[in-house]
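Observations on the three-dimensional arrangement
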Amino acid sequence: MPELPEVENVRRSLEKCVLGKEIAEIKITLPRMIKNLDAEIFSRELVGKKITAVERRGKYLLILLDDDWHWIVHLRMTGKLLYVPDISVEKPKHTHIVVQFTTGDGMFYNDIRTFGTHYFVKKNDFNMINGLYTLGKEPFDLGFNAVYLEKTVKNSKENMKGFLLNQKNIAGLGNIYVDEVLFASGIAPTRKVNTLTHSEAQALVENIQTILQLSIDNGGTTFRDYVNANGEKGNFQLTLAVYGREGEPCLKCGASLSKTKLGGRGTCCCNICQK
């Protein structure tokens with residue numbers, strides 16, 4: 001699933017291409033992807049709207065339109081929102097939404113596994129989208145610090161992996177970056193969060209911000225499906241320390257990295273370096 005760095009790269013690459021564009025037509029071939037409206041109403045309401053901004057909240061893309069309307073997209077497992085300079089080109093397989101601008105260019109929404117979701121709401125109606133409305137702090141917010149972490153974990157009995165994956169605690173982290181952050185912080189994924197010391201909380205904050213920024217700067221992580229709005233893959237997978245490296249030597253101590261399942265999620269770590 002695209003995580004914060006991947007969605008941020010989609011946002012940045014899309015923003016450069018679509019700001020100020022007016023929607024002329026939308027074709028939807030898989031109506032169940034539209035979650036809060038009938039697909040025909042969704043298409044009709046978006047026609048004539050101009051894109052005023054492209055923002056991100058956690059793993060959600062927020063496409064801002066005229067009159068304070070928002071088209072909100074969650075890419076889920078394999079969603080891709082692609083900009084196309086010429087809308088008449090042949091659509092890739094698994095394209096389920098086609099957006100044409102009055103300028104002749106447009107966007108394709110492509111999704112192999114079809115788990116992606118789309119909403120059309122006013123800004124004040126974000127509470128209609130439970131996963132968006134309940135998001136925790138953004139990792140780059142000024143208020144995201146050791147004090148916030150300590151306050152959030154105080155009464156929690158979750159393990160570190162589950163806590164960091166919980167979008168109500170921190171917005172945007174997923175399996176890849178949680179494994180990387182815990183390794184960089186020297187903290188075992190099975191550790192109970194309420195045992196964190198102040199210095200460990202500080203290290204977590206710093207590593208979350210550093211690793212996410214490095215991934216953003218490298219275009220995100222691509223193993224199979226992820227590309228930005230221009231169809232470009234990320235490169236951060238070339239520098240991963242633990243994720244996807246089970247059985248390989250730890251980059252710190254040389255011991256073999258182990259892989260287990262926590263909460264149904266594959267988890268890679270070093271049993272020597274992570275306490």
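Everything discussed here concerns the structure shown above.
I will try to describe carefully the structure that is included in this document.

1. A look at the packing of helix α4 (residues 146–153) against helix α7 (residues 198–217)
Relative orientation of the contacting elements α4 and α7 amounts to 115 degrees, with a least axis distance of 8 Å. Here the hand of the crossing between α4 and α7 comes out right-handed. Residue-level inspection shows A146, L149 and E150 of α4 in contact with α7, the latter providing H198, A201, Q202, L204 and V205. Its residues assigned to classes, the contact of α4 with α7 comprises 5 nonpolar, 2 polar and 1 charged.

2. Remarks on α7
With 20 residues, α7 ought to run about 28 Å at 1.5 Å a step, and its terminal C-alpha atoms sit 29 Å apart, in line with that. Where α7 is buried, its residues contact α1 (4–18), α4, α5 (160–165) and α6 (175–185). Of the residues one or two after α7, G219 is the one with positive phi, at around 85 degrees.

3. A closer look at the sheet that holds strand β7 (residues 106–111)
Strand pairing in a sheet is mediated by backbone hydrogen bonds. Such pairs are either parallel or antiparallel. With antiparallel pairing, the 4 strands of this open sheet are ordered in space as β1-β6-β7-β5. Two strands close off the open sheet at either side, each with one partner strand: β1 (23–28) and β5 (79–84). Each adjacent strand pair in this sheet contributes to an overall mean axis angle of 15 degrees, direction not counted. Relative to β7, strand β6 (residues 95–101) runs antiparallel, the two sharing 5 bridges.

4. A look at the packing of aromatic side chains
Evaluation of the coordinates by the stated rule reveals 6 aromatic pairs. Ring plane angle 10 degrees and centroid distance 4.4 Å describe the contact between W69 and F120, whose orientation is recorded as stacked. Separated by 51 residues along the polypeptide, W69 in strand β4 (residues 69–74) and F120 in strand β8 (residues 117–122) bring together distant segments of the chain. Of the residues examined, W69 reaches a relative accessible area of 23% and is grouped as partly exposed. Exposure remark for F120: the relative accessible area of 3% places this residue in the buried category. When the centroid spacing of 5.6 Å and the interplanar angle of 40 degrees are considered together, the rings of F223 and Y243 count as tilted. One end of the pair, F223, is in the loop between α7 and β9 (258–262); the other, Y243, is in the loop between α7 and β9, and 20 residues separate them in sequence. Judged by relative accessible area, which is 24%, Y243 ranks as partly exposed. Each residue in the set F42, W69, W71 and F120 is aromatic and connected to the rest through ring pairs, giving one cluster. Taking the ring centre of F183 as reference, the NZ or CZ of K252 above it sits at 4.5 Å.

5. Let's talk about the environment of S88
Looking at where S88 falls in the secondary structure, it is placed in the loop between β5 and β6. Sequence separation between S88 and V73 is 15 residues; the distance between their C-alpha atoms is 23 Å.

6. Observations regarding the pattern of salt bridges
The final tally for this structure, using the stated rule, is 11 salt bridges. As a salt-bridge pair, E8 and R12 come within 2.8 Å of each other at their nearest N and O atoms. Taken together, the positions of E8 and R12, both in helix α1 and 4 residues apart, correspond to about one turn of that helix. On the accessibility criterion, E8 (8% relative accessible area) is buried. One salt bridge in this structure joins D179 and K161, with 3.0 Å as the shortest N-O distance. One end of the pair, D179, is in helix α6; the other, K161, is in helix α5, with 18 residues separating them in the sequence. A relative accessible area of 2% means that D179 is categorised as buried. Here K161 falls in the buried class, since its relative accessible area comes to 1%. Look at the salt bridges and you will find they share partners, linking E8, R11, R12, E15, R56, R57 and E138 into a network.

Parameters at a glance
- Residues numbered from 1 in each chain as written.
- Predicted model: local features only at pLDDT ≥ 70, side-chain atom pairs only at ≥ 80, totals over all residues.
- Heavy atoms only, no water.
- Axes fitted to C-alpha atoms, helices over the stretch in contact; angles between N-to-C directions.
- Helix = DSSP H or I, 4+ residues; strand = E, 2+ residues; numbered from the N terminus.
- Left-handed = near helix turned anticlockwise from the far one by under 90°.
- Contact = heavy atoms within 4.5 Å.
- Nonpolar A, V, L, I, M, F, W, Y, C, P; charged D, E, K, R; others polar.
- Expected span 1.5 Å × (residues − 1).
- Pairing = 2+ DSSP bridges.
- Phe/Tyr/Trp six-rings, centres within 6.5 Å; stacked < 30°, edge-to-face > 60°.
- Buried < 20%, exposed > 50% of the residue type's maximum accessible area, 1.4 Å probe, protein only.
- Lys NZ or Arg CZ within 6 Å of the ring centre and 35° of its normal.
- Salt bridge = Lys/Arg side-chain N within 4 Å of Asp/Glu carboxyl O.

Purely geometric stuff here, so don't read any function into it on its own.
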